[in-house]
Amino acid sequence: MKRKIDINTWVRKDHFNFFNTFEEPFFGVTVDVDCTATYQQAKTAGVSFFLLYLHKSLAAANQIENFSYRIIDGEVWQYKQVNAATTVNRPDGTFGFGYLDFLPDFGKFNKKAQEEIQKVKQSTGLIPSQAGDNVIHYSALPWLNFKSLSHARRFSIHDSCPKISFGQLREEAGRKIMTISIHVNHALVDGYHVSQYVAAYQDLLSQNTIENLQLI
């Protein structure tokens, strides 16, 4: 479900019209988040750390209105919910794309996500997108403690989906720290909104009780 934004009365009218003319309207930031509580939560519950921090990332993104905007045929639309299009690594070193609907209850999300991941792992190729525009493009590089990141882009396609990448989990002073890269279309999202997302995500990552597996 989505609703059309009236650009003429939109508070971001000038920002949209300015950045929407750019050949490369995306900008990105790289920040560290503290995953200590979520890592402990995953180990205690016996669930995938990756799926738990991915779920919390989706929960945070769904709290930030600007992360739900998309540009479709030159018009701005707001989706009621955004989901995940994520890379899934295979044992042979390749990867495929998995598509995960956001479900507020982690237990239900985890079940569906495990099924999708197994399907991708048992397949070959990339698997063409079936998810539409209401997704965030996710990827994980658990082997690299990167400090910055860029994305392959096809400029003939007017892309407006946020892109979030997770880096290697590392220990610093007894804490579990992970770098994340966040790229967004500046016609829809500013640095202020990215900071709102990071704050919301860190708040969810800091929750570590089993009762909080249903996050929102």
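Just so it is clear, the model here is predicted, and its values are computed rather than measured. (Residues numbered from 1 in each chain as written. Predicted model: local features only at pLDDT ≥ 70, side-chain atom pairs only at ≥ 80, totals over all residues. Heavy atoms only, no water.)

### Here's the deal with the sheet that holds strand 1 (residues 2-4)
Strand order in this open sheet of three strands is 1-4-3, and the pairing throughout is antiparallel. In the strand order of this sheet, the two ends are held by strand 1 and strand 3 (69-72), each with one partner. Sheet twist, expressed as the mean angle between neighbouring strand axes with direction ignored, is 35°. Here four bridges tie strand 3 to strand 4 (residues 75-79), and the two strands are oriented antiparallel to one another. Pairing of Tyr69 across the sheet is with Gln78, part of strand 4. (Pairing = 2+ DSSP bridges. Helix = DSSP H or I, 4+ residues; strand = E, 2+ residues; numbered from the N terminus. Axes fitted to C-alpha atoms, helices over the stretch in contact; angles between N-to-C directions.)

### Side note on the UniProt feature "active site" (unreviewed entry) in the protein
The sites that UniProt annotates as "active site" (unreviewed entry) are His186. What His186 contacts, discounting residues up to four positions off in sequence, is Arg12, Phe19, Pro25 and Phe27. (UniProt positions renumbered as here; feature names shortened; annotations may be inferred. Contact = heavy atoms within 4.5 Å.)

### Describing helix 5 (residues 191-205)
Its 15 residues place the ends of helix 5 21 Å apart at the C-alpha level, agreeing with the 21 Å of an ideal helix rising 1.5 Å per residue. Turning to helix 5, its buried residues are His193, Val194, Tyr197, Val198, Ala200, Tyr201, Leu204 and Leu205. Along the long axis of helix 5, the arc covered by the buried residues comes to 165°, so they all point the same way. For helix 5, the elements touching its buried residues are strand 2 (26-34), helix 2 (36-45), helix 3 (49-61), strand 8 (163-172) and strand 9 (175-185). (Expected span 1.5 Å × (residues − 1). Buried < 20%, exposed > 50% of the residue type's maximum accessible area, 1.4 Å probe, protein only. Arc of directions from axis to C-beta.)

### Quick notes on the side chain of Asn185
Here Asn185 lies in strand 9. Among the polar contacts made by the side chain of Asn185, one reaches the main-chain carbonyl oxygen of Asp159 at a distance of 3.1 Å. (Polar contact = N/O pair within 3.5 Å; in protein donor to acceptor, adjacent residues only side chain to side chain.)

### Examining the side chain of Asn66
With respect to the secondary-structure elements, Asn66 resides in the loop between helix 3 and strand 3. At 3.4 Å, the side chain of Asn66 and the side chain of His193 are in polar contact. Excluding residues that lie within four positions of it along the chain, Asn66 makes contacts with Arg12, Leu188, Val189 and His193.

### Quick word on the pairing of strand 8
Side-chain positions along a regular strand alternate between the two faces of the sheet. Relative to strand 8, strand 7 (residues 135-140) runs parallel, the two being bridged by four bridges. Across the sheet, Ala140 pairs through a bridge with Phe166, a residue of strand 8. Both strand 8 and strand 9 contribute to a ladder of eight bridges, which runs antiparallel. Bridged to Glu172 within strand 9 is Arg175. Between strand 8 and strand 9, which pair antiparallel in sequence order, lie two residues; one of them, Ala173, sits at a positive phi of approximately 55°.

### Here we look at the packing of aromatic side chains
Enumeration over the complete set of coordinates arrives at 15 aromatic pairs. The interplanar angle of 65° and the centroid separation of 5.1 Å between the aromatic rings of Phe18 and Phe22 together place this pair among those described as edge-to-face. Between Phe49 and Tyr53, the aromatic rings sit 4.9 Å apart at their centres with planes inclined by 70°, giving edge-to-face as the arrangement. Placement of the pair is Phe49 and Tyr53 together in helix 3, with a separation of four residues, close to one helical turn. Residue classification places Tyr53 among the buried residues on the basis of a relative accessible area of 6%. Each member of the aromatic cluster is reached from another via a ring pair, and the members are Tyr39, Phe49, Phe50, Tyr53, Phe67, Tyr138, Phe166, Tyr197 and Tyr201. (Phe/Tyr/Trp six-rings, centres within 6.5 Å; stacked < 30°, edge-to-face > 60°.)

### What to know about the nonpolar core
Phe67, Phe166, Ile182, Tyr197 and Tyr201 are the most contacted members of the largest nonpolar core, which totals 52 residues. Residue contributions to this core peak at nine residues, all from helix 3. (Core = buried A, V, L, I, M, F, W, Y, C linked by side-chain atoms within 4.5 Å.)

### Concerning unusual backbone geometry
Positioned with a positive phi, Asp73 is a non-glycine residue whose angle comes to about 55°. Topologically, Asp73 is positioned in the loop between strand 3 and strand 4. According to the relative accessible area criterion, Asp73 is exposed, its value standing at 78%. Although it is not a glycine, Ala173 adopts a positive phi angle of roughly 55°. Checked against the element boundaries, Ala173 lands in the loop between strand 8 and strand 9. Since its relative accessible area comes to 83%, Ala173 is described here as exposed.

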